[in-house]
Amino acid sequence: MTSSGKSQSMRALKKAFGLSRMKLTIKLGMKSLWLHRLRSLLTVLGIVFGVCSVIAMLAIGEGASYEAQEQIRRLGSNNVIIRSVKPPEEKTSTSQRTWLLEYGITYKDLERIRATLPLVEILVPARIMRKDVWNGGRRIDCDIYGTVPWYPEVNNHHVARGRFFTEMEMNDGTNVAVLDAGIETALFPIDPAIGGTVRAGSQYYRVIGVMEPKSARITSNGVDSGTTAPAKSGNGPSGAPYRMYVPLNAARKQFGETLVNQQSGSFEATRVELHEATVKVARLADVIDAARVIGDLLAANHRKVDYEVVVPLELLRQAERTKRIFNIVLGAIAAISLLVGGIGIMNIMLASVTERTREIGIRRALGAKRRDIIVQFLIETVLLAGVGGAIGVTLGIAIPIVITWFAGMKTIVTLWSPLIAFSISAMVGVIFGIYPALRAANMDPVEALRHE
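Residues numbered from 1 in each chain as written. Predicted model: local features only at pLDDT ≥ 70, side-chain atom pairs only at ≥ 80, totals over all residues. Heavy atoms only, no water.

Draft legend 1. Structural view of the overall build of the protein. Counting secondary structure elements, the protein contains 13 helices and 15 strands. Restricting the contact set of the protein to residue pairs at least 6 apart, pairs at least 24 apart contribute 77%. A total of about 23600 Å² of accessible surface is found on the protein, and carbon and sulfur atoms cover 60% of it. (Helix = DSSP H or I, 4+ residues; strand = E, 2+ residues; numbered from the N terminus. Contact = heavy atoms within 4.5 Å. Areas by Shrake-Rupley, 256 points an atom, 1.4 Å probe, with all protein chains shown as cover.)

This is how it looks when you write it as structure tokens:
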């Protein structure tokens with residue numbers, strides 16, 4: 001046999017011997033942990049809860065963030081929403097008050113916006129009146145939403161069944177209506193809604209369509225859960241649980257632009273031309289600038305701040321920033337949880353080193369090297385952390401599924417969260433196992449053999 005063949009054989013023998021020693025060391029580590037099953041289980045729990053809580057919280061936060069961003073996207077990233085807001089009342093010394101309060105956005109405002117901003121693609125005006133809607137003996141509280149035929153396109157809120165009203169029906173002021181999805185269940189529990197009639201005030205409307213479900217209320221402060229409805233403003237947008245869409249001219253013809261509230265000893269008349277308007281900008285890059293110009297136009301032509309400008313794109317960016325902050329907070333919580341788990345592992349391994357002092361001395365006397373002792377204790381800590389991480393990942397994936405099943409809350413388990421959580425748990429095992437392993441390896445074999 002040549003010298004090169006001998007060297008290859010020696011390398012093969014050393015490799016095989018090293019593998020067998022590693023297998024033996026792993027078996028010894030597993031046997032040691034199995035001998036103290038309860039203690040090992042309690043040690044692992046810190047890692048389990050840390051990894052599990054991280055994955056579950058990230059899944060819940062990811063789901064909530066996704067829903068919030070989707071609700072904002074449904075309003076249209078290219079849209080700017082203007083709403084009428086009732087200004088604060090001026091207090092007077094007289095208890096009897098009679099006046100006409102006029103506020104909010106007007107048709108002239110929309111004309112100025114269209115004339116000033118060539119970036120504007122579509123304008124969607126709307127009037128909203130809160131009324132009771134009847135079908136026979138059934139009644140619901142509803143927002144009558146007078147708007148234009150292109151409302152579904154601009155607001156990403158489409159008809160599920162039937163159709164939306166046409167431009168001819170709007171121009172003629174035809175009494176047709178498109179219902180929210182919830183109204184059909186409330187007013188038409190047995191018969192189909194399309195083709196039926198509903199009554200609002202003294203007028204009857206023929207139902208021609210049913211909208212798809214949509215549950216986002218957007219205000220200037222962010223996203224709230226609930227039915228899509230504008231902010232409160234007197235007799236206009238009131239946030240009723242349901243909404244019925246009718247042609248804008250039909251709403252103006254029936255309800256007019258002056259609404260009266262009568263109270264004991266006084267009455268208040270309010271005049272609002274439009275309660276809401278959606279401005280669609282041609283390019284996404286121009287949305288923020290267009291919103292700023294619209295705000296300046298309204299400020300120049302309104303004596304009081306009787307409007308609010310909502311930019312869904314800004315809300316979307318704010319939601320994304322909130323998500324990043326939330327992930328950082330969760331990461332800090334995860335680090336603390338895994339730190340506590342790692343301290344628990346180090347504590348148990350230090351106690352194990354003390355208990356097995358004589359075993360360490362015997363192994364050193366029989367020829368075991370320091371690195372063998374280090375490897376043995378590191379394997380035990382990594383096994384503890386690895387098993388805890390695997391159990392934590394399993395529970396962390398299962399808990400969001402259970403939450404979605406029972407609570408109906410959307411949760412999203414991303415691929416990176418279990419990977420990162422498990423990797424960190426394995427690193428914790430290595431980092432917090434180094435000191436006990438070094439302490440065991442640095443023992444004097446003679447003193448270790450004398451230990452009782």
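After presenting the structure, the write-up continues.
Draft legend 2. Quick look at the pattern of salt bridges. Counted under the stated rule, the structure contains 10 salt bridges. A salt bridge links Arg-271 to Glu-102, with the shortest nitrogen-to-oxygen separation between them at 3.5 Å. Of this pair, Arg-271 sits in strand E13 (residues 266-271) while Glu-102 sits in strand E2 (residues 98-102); the two residues are 169 residues apart in sequence, bridging distant segments of the chain. Judged by relative accessible area, Arg-271 falls into the partly exposed class, the value being 25%. The salt bridge partner of Asp-141 is Arg-130, with a shortest N-O separation of 2.2 Å. (Salt bridge = Lys/Arg side-chain N within 4 Å of Asp/Glu carboxyl O. Buried < 20%, exposed > 50% of the residue type's maximum accessible area, 1.4 Å probe, protein only.)

Draft legend 3. Focus on the nonpolar core. Val-51, Ile-360 and Phe-377 are the most contacted members of the largest nonpolar core, which totals 23 residues. Contributing elements (two or more residues each) for this core: helix H2 (37-75), helix H9 (312-355), helix H11 (370-407) and helix H12 (416-441). Core analysis: the next-biggest nonpolar cluster, separate from the first, contains 22 residues, Ile-113, Leu-274, Val-281 and Ala-291 among them. (Core = buried A, V, L, I, M, F, W, Y, C linked by side-chain atoms within 4.5 Å.)

Draft legend 4. How the structure looks around the packing of H9 against H11. Contact pair H9 / H11: the axes reach a minimum separation of 11 Å and the direction vectors enclose 145°. H9 and H11 meet at a crossing whose hand is right-handed. On H11, the residues that touch Ile-345, Met-349, Ser-352 and Val-353 of H9 are Phe-377, Glu-380, Thr-381, Leu-384 and Ala-385. Looking at side-chain class alone, the contact of H9 with H11 contains six nonpolar, two polar and one charged residues. (Axes fitted to C-alpha atoms, helices over the stretch in contact; angles between N-to-C directions. Left-handed = near helix turned anticlockwise from the far one by under 90°. Nonpolar A, V, L, I, M, F, W, Y, C, P; charged D, E, K, R; others polar.)

Draft legend 5. Representation of the packing of H11 against H12. Two elements in contact, H11 and H12, have axes whose closest approach is 7 Å; the angle formed by their N-to-C orientations is 155°. On the basis of their axis angle, the class for H11 and H12 is roughly antiparallel. Here the hand of the crossing between H11 and H12 comes out right-handed. Counted by class, the contact of H11 with H12 contains 18 nonpolar, six polar and one charged residues. (Parallel < 35°, antiparallel > 145°, perpendicular 65-115°, else oblique.)

Draft legend 6. Focus on the packing of aromatic side chains. The full count for this structure, using the stated rule, is six aromatic pairs. Three or more aromatic residues joined by ring pairs form one cluster here, namely Tyr-145, Tyr-151, Phe-164, Phe-165 and Tyr-245. (Phe/Tyr/Trp six-rings, centres within 6.5 Å; stacked < 30°, edge-to-face > 60°.)

Draft legend 7. Main features of the pairing of strand E14 (residues 276-281). Of all six residues in E14, six are buried; the element is thus mostly enclosed. Along E14, one buried face is formed by Glu-276, Thr-278 and Lys-280 and the opposite face, lined by Ala-277, Val-279 and Val-281, is buried too. Pairing between strand E1 (residues 79-84) and E14: five bridges, direction antiparallel. Pairing of Ile-82 across the sheet is with Ala-277, part of E14. Two elements, strand E3 (residues 120-135) and E14, share six bridges in a ladder whose sense is antiparallel. Bridging from a neighbouring strand, Pro-125 pairs with Ala-277 of E14. (Pairing = 2+ DSSP bridges.)

Draft legend 8. Summary view of helix H8 (residues 287-301). With 15 residues, H8 extends 21 Å from end C-alpha to end C-alpha; this agrees with the ideal 21 Å at 1.5 Å per step. Those residues of H8 that sit buried are Val-287, Ile-288, Ala-290, Ala-291, Ile-294, Gly-295, Leu-297 and Leu-298. (Expected span 1.5 Å × (residues − 1).)

Draft legend 9. Fine view of unusual backbone geometry. We note that Asn-156 has phi near 55°; this positive angle belongs to a residue other than glycine. On the basis of relative accessibility, which here comes to 30%, the residue Asn-156 falls in the partly exposed class.

Draft legend 10. The arrangement of a nonpolar patch on the surface in detail. Judged by side-chain polarity, Val-382, Met-427, Val-430, Ile-431, Ile-434 and Leu-438 come together as a nonpolar surface patch covering roughly 480 Å² of accessible area. In terms of residues, the nonpolar patch owes the most to one element, H12, which gives five residues. Within the secondary structure, Met-427 sits in helix H12. Look at Met-427 and you get partly exposed, because its relative accessible area is 47%. (Patch = residues over 30% accessible without salt bridge, like charges linked within 9 Å, V, L, I, M, F, W, Y side chains within 5 Å.)

Draft legend 11. Fine view of the environment of Ile-47. The residue Ile-47 is located in helix H2 in this model. The exposure class assigned to Ile-47 is buried, which follows from its relative accessible area of 0%. Sequence separation of Ile-47 and Gly-389 is 342 residues, and the distance between their C-alpha atoms is 6.2 Å. Among all residues touching Ile-47, those that are not within four sequence positions of it are Leu-338, Gly-341, Gly-342, Ile-345, Ala-385, Gly-388, Gly-389, Ser-425 and Val-428.

Draft legend 12. Inspection of the environment of Ile-374 at higher detail. Position of Ile-374 among the secondary structure elements: in helix H11. Taking the relative accessible area as the measure of exposure, Ile-374 reaches 23% and is therefore partly exposed. With 64 residues separating them along the chain, Ile-374 and Leu-438 place their C-alpha atoms 6.1 Å apart. Residues contacting Ile-374, with those up to four places away along its chain left out, are Ala-437, Leu-438 and Ala-441.

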